[in-house]
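Structural features, examined
Residues per chain, in single letters:
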Amino acid sequence: MPEKKSEGMKDPNRRTKAGGGAKSKTARAKAESRRMATAKKAQAGAANASEVETTLRKTRTKAAREKTRRVDQEPLISSEDIETQEYSTDEFQQMLSMYEGTLQDIKEGEVVNGTVLGVTRDDIIVDVGFKSEGIIPIAEFTEPINIKVGDKIQVYLDAIEDSDGQLVLSKQKADFMRVWDNIKDCHDSGETVQGRIVRRIKGGMVVDLFGVEAFLPGSQIALRQVPDFDALLGQMMDLKIIKLNKSRRNIVVSRRVVLEEEREKMRDTLLKEIQPGQVKLGIIKNITDFGVFIDLGGVDGLLHITDMSWGRVNHPSELVHLGQEIKVKILDFDKNSNRISLGLKQLTPYPWENVEERYPLGHRVKGKVVSITDYGAFVELEKGIEGLIHISEMSWTQHIKHPSKILSPHQEIEAVVLSVDKENEKISLGLKQLEADPWLTLDFKYPVGTKVTGKVRNLTTFGAFVEIEDGIDGLVHISDMSWTRRIQHPSEVMKRGDVVDVVILGIDKENRRISLGHKQVMSDPWPDLQLQFAVNTETLGTIIRLLDRGVIVNLPGDIEGFVPTYHLNKPDISRPADAFAEGDELPLRVIEFDSHNRRIVLSVNAYFAGKEQKDVEEYLAKHPTKVVPVADMVETPEAVAAPIGEEPIPEEPKQDIDSAPDAG
């Protein structure tokens, strides 16, 4: 049993944190790589190794022939044995020179040749002829899948030793140093170089330039914004080096600079040869509300919205899109400002040519409603040709307030050509002309005197409009509403929506008017009233309206009569309102009956002539005279103004009777 070591003794094969710590995982991996590299190096340099072994065999000492001792007890060769080694000074120098011949004399910051000794998942092990091998991350190789053991490569010696005693090498730095002179010459001379898009990164793309990586910013890829960066991967591009930094190995390239130079050359060439009337191929660069900007090859031209189509265009995006290749015609070129006006519709025939032959008057056409306004609707007959249906041409009979009541956008319709104006590019269309005009035969359908039933559609101060059939109205004038009453407003006889009987009085086809009568439905009662209201006939009347010159009374049978003021048996009043009110009942005697003018004049004075005094006093008590302030009193005029259209009534009784208002 071996003796237990005391606590104060340390095991040489045991490693603790206090004693210096264990090597990290990375350090162990590097050590393993060095051992593996050393083994492979020994195989690769077998010739040199055999010579070294021959020399070593000559220098074996006596201690090497002694019995091998235990490794954990005593060393194989003691200091005494080393001192008694059997080799001469020449032999030692020969052995040393042979060993040093296997090593290269390298310095930091140099590009050296190396041999690939091993390939792992993350690293490439490289021998550069130094006492230790270097490890290069596999990410530094542009195509690591093609790297294999034994390949000869150039690497950059960053440092002889790192913290782990490892040789620090770099493939990227070596590539950079190898092509630096070439890159710098291209940058200084402004020469165009070719690069391949390798991958996409934030802010741009990585380009393989002479085997090293360069940065292509997103803003320097093209003249316009690139929609899909990934589509550029693997493409070869002409580039220019715009920025260099050797210490940081930073190379910035630009494709935009190359494109701008090419565009400038094309621009100069184009401006020299461009002429109005030429047809050019361009690319849509920008779209606005008023038109499209087109790149003709270094020069931009404007395609205005009005020159895009012979037809209606609400927005340019309806016809074109960004990046589209399009043929356009040069309409105008200003050499001073280099402004170019372009046209697209000019590449197609003018649609209004021979338009009269294609759309003769009275011809039925088909089209699509493209726009509706307050005054009508525009109909597209073909691309570039539109016609207008005015609101007055939409119906023979209907009163259309707005075209949208019968038409809608995008509706396919038929219409009739009414007129064609090629010079002003106008076509008038009619919708109602598709049917026969009902007014042409209306007088045959409704002869004068025909009794019809209609619906009151509207009332005005002068009469009422009555619809006798769909869309056809006639007017009942206020004077044709009653035989026996003086109508102040149509609402006294009929209301809107009422169904009434009317008689056709006249039809004006030219002006499309129909005169109707309501009172004519009944026979004229005035010939028979002559017996009922003969002169000196006594009757009762109810005041229905007060006038300054008299009162209007309602007689039995719904007949109106007139009583002058001085026939009211009140000599102390100047106007009827001083003693009477609407609804008062008056005893009357007929003093005039005029059947021709339809007028009945009555008198209270004549009624009380020959009556007893008590009857007069009883009448006067019912109608006392109101007290009128002095300021409101006016002298009785010699003549009182009559209603509109009537003569004034003078003071003489005979003349007053003659000027009484007509009943109807």
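These numbers were taken from a predicted model, which means no experiment stands behind them.

A short note on the overall build of the chain
What the chain contains, in helices and strands, is 12 helices and 32 strands. Across the 664 residues of the chain, 37% fall into the buried class. The long-range share in the chain, meaning contacts at least 24 apart out of those at least 6 apart in sequence, stands at 60%. Per element, the accessible surface of the chain, about 40000 Å² overall, is 49% carbon and sulfur.

Comments concerning helix α5 (residues 171-189)
When the terminal C-alpha atoms of α5 are compared, their 27 Å separation across 19 residues agrees well with the 27 Å that a helix rising 1.5 Å per residue should span. At valine 179, α5 shows its maximal kink, close to 50 degrees. Looking at α5, one finds that the buried residues are Lys171, Ala174, Asp175, Phe176, Val179, Trp180, Ile183 and Cys186. The positive-phi residue at the C-terminal boundary of α5 is glycine 190, with phi of around 75 degrees.

Here we look at the sheet that holds strand β15 (residues 339-343)
By definition, the strands of a sheet pair up through backbone hydrogen bonds, in either a parallel or an antiparallel sense. Around the barrel, which closes on itself, the five strands sit in the order β11-β12-β13-β15-β14 with mixed pairing between neighbours. With direction set aside, neighbouring strand axes in the sheet form an average angle of 50 degrees. In this sheet, strand β14 (residues 325-334) lies alongside strand β11 (residues 279-287) in antiparallel orientation, the contact comprising five bridges. Each bridged residue has a counterpart across the sheet, and for leucine 281 the counterpart in β14 is lysine 327.

Observations regarding the layout of surface pockets
When its volume is computed, the second largest pocket comes out at roughly 530 Å³. Listing elements by their share of the lining of the second largest pocket, those giving two or more residues are α6 (256-273) and β11. Looking at the lining of the second largest pocket element by element, the count peaks at five residues for β11. Of the residues contributing to the lining of the second largest pocket, the split by class is 13 nonpolar, five polar and eight charged.

A short note on the side chain of serine 254
Its location among the elements puts serine 254 in strand β10 (residues 250-254). Here the side chain of serine 254 touches glutamine 220 through a polar contact of 2.6 Å, side chain to side chain. Residues in contact with serine 254, not counting those within four places in the same chain, are Leu216, Gln220, Leu239, Lys240 and Ile242.

Details of the pattern of salt bridges
This structure, assessed with the given rule, holds 27 salt bridges. Of the charged contacts, one joins arginine 196 and aspartate 208 as a salt bridge, the two residues approaching to 3.6 Å between their closest N and O atoms. Residue arginine 196 is located in strand β6 (residues 193-201), and its partner aspartate 208 is located in strand β7 (residues 204-209); the two are separated by 12 residues in the primary sequence. Given a relative accessible area of 31%, arginine 196 falls into the partly exposed group. By relative accessible area, aspartate 208 is classed as buried at 18%. Ionic pairing is found between glutamate 213 and arginine 199, a salt bridge with its closest N-O pair at 3.0 Å. Taken together, the positions of glutamate 213 in strand β8 (residues 212-217) and arginine 199 in strand β6 put the pair 14 residues apart, joining distant regions of the chain. Residue classification places arginine 199 among the partly exposed positions, given a relative accessible area of 36%.

Overview of the sheet that holds strand β19 (residues 412-421)
Strands sit in the order β16-β17-β18-β20-β19 around a closed barrel of five strands; the barrel is mixed. Averaged over all neighbouring strand pairs, the angle between strand axes comes to 50 degrees, with direction disregarded. Relative to strand β18 (residues 385-390), strand β17 (residues 376-382) runs antiparallel, the two being bridged by six bridges. Paired with alanine 377 across the strands is isoleucine 389, a residue of β18.

Describing the packing of aromatic side chains
Inspection of every chain in the model, using the stated rule, returns seven aromatic pairs. With a centroid separation of 6.5 Å and 40 degrees between ring planes, the pair formed by phenylalanine 580 and tyrosine 619 is classed as tilted. One end of the pair, phenylalanine 580, is in the loop between β28 (559-564) and β29 (585-594); the other, tyrosine 619, is in helix α11 (residues 613-622), and 39 residues separate them in sequence. For phenylalanine 580, a relative accessible area of 2% gives the class buried. Judged by relative accessible area, tyrosine 619 falls into the buried class, the value being 5%. The ring of phenylalanine 378 is capped by arginine 312, whose NZ or CZ atom sits 5.6 Å from the centre of that ring.

Some words on the pairing of strand β20 (residues 426-430)
Of the pairings in the sheet, the one linking β18 to β20 comprises two bridges and is parallel in character. Directly across from isoleucine 389, in β20, lies its bridge partner leucine 429. The sheet contact formed by β19 and β20 spans five bridges and is antiparallel. Pairing of valine 417 across the sheet is with leucine 429, part of β20. Hairpin remark: β19 followed by β20, antiparallel, with four residues in the connecting loop; positive phi at glutamate 425, about 55 degrees.

Section: unusual backbone geometry
Phi is positive for asparagine 354, close to 60 degrees, though the residue is something other than glycine. Mapped onto the elements, asparagine 354 comes out in the loop between β15 and α7 (355-358). A residue is classified by how much of its surface remains accessible, and asparagine 354, at 38% relative accessible area, is partly exposed. With a phi angle near 55 degrees, arginine 512 is a residue other than glycine that sits in the positive phi range.

Description of the environment of alanine 464
Structurally, alanine 464 is set in strand β22 (residues 463-469). For alanine 464, a relative accessible area of 0% translates into the label buried. The spatial distance from the C-alpha of alanine 464 to the C-alpha of leucine 516 is 9.4 Å, given a sequence separation of 52 residues. For alanine 464, the residues in contact, after removing those within four places along its chain, are Val456, Asn458, Leu459, Gly474, Leu475, Val476, Met481, Pro490 and Met494.

Definitions and cut-offs
- Residues numbered from 1 in each chain as written.
- Predicted model: local features only at pLDDT ≥ 70, side-chain atom pairs only at ≥ 80, totals over all residues.
- Heavy atoms only, no water.
- Helix = DSSP H or I, 4+ residues; strand = E, 2+ residues; numbered from the N terminus.
- Buried < 20%, exposed > 50% of the residue type's maximum accessible area, 1.4 Å probe, protein only.
- Contact = heavy atoms within 4.5 Å.
- Areas by Shrake-Rupley, 256 points an atom, 1.4 Å probe, with all protein chains shown as cover.
- Expected span 1.5 Å × (residues − 1).
- Bend = angle between axes of the 7 residues up to and from the residue.
- Pairing = 2+ DSSP bridges.
- Axes fitted to C-alpha atoms, helices over the stretch in contact; angles between N-to-C directions.
- 1 Å grid on protein atoms, 1.4 Å probe; cavity = no way out; pocket = protein on both sides within 12 Å on 5 of 7 lines; lining within 4 Å.
- Points joined across faces, edges and corners; volume = space filled by probe spheres on them.
- Nonpolar A, V, L, I, M, F, W, Y, C, P; charged D, E, K, R; others polar.
- Polar contact = N/O pair within 3.5 Å; in protein donor to acceptor, adjacent residues only side chain to side chain.
- Salt bridge = Lys/Arg side-chain N within 4 Å of Asp/Glu carboxyl O.
- Phe/Tyr/Trp six-rings, centres within 6.5 Å; stacked < 30°, edge-to-face > 60°.
- Lys NZ or Arg CZ within 6 Å of the ring centre and 35° of its normal.

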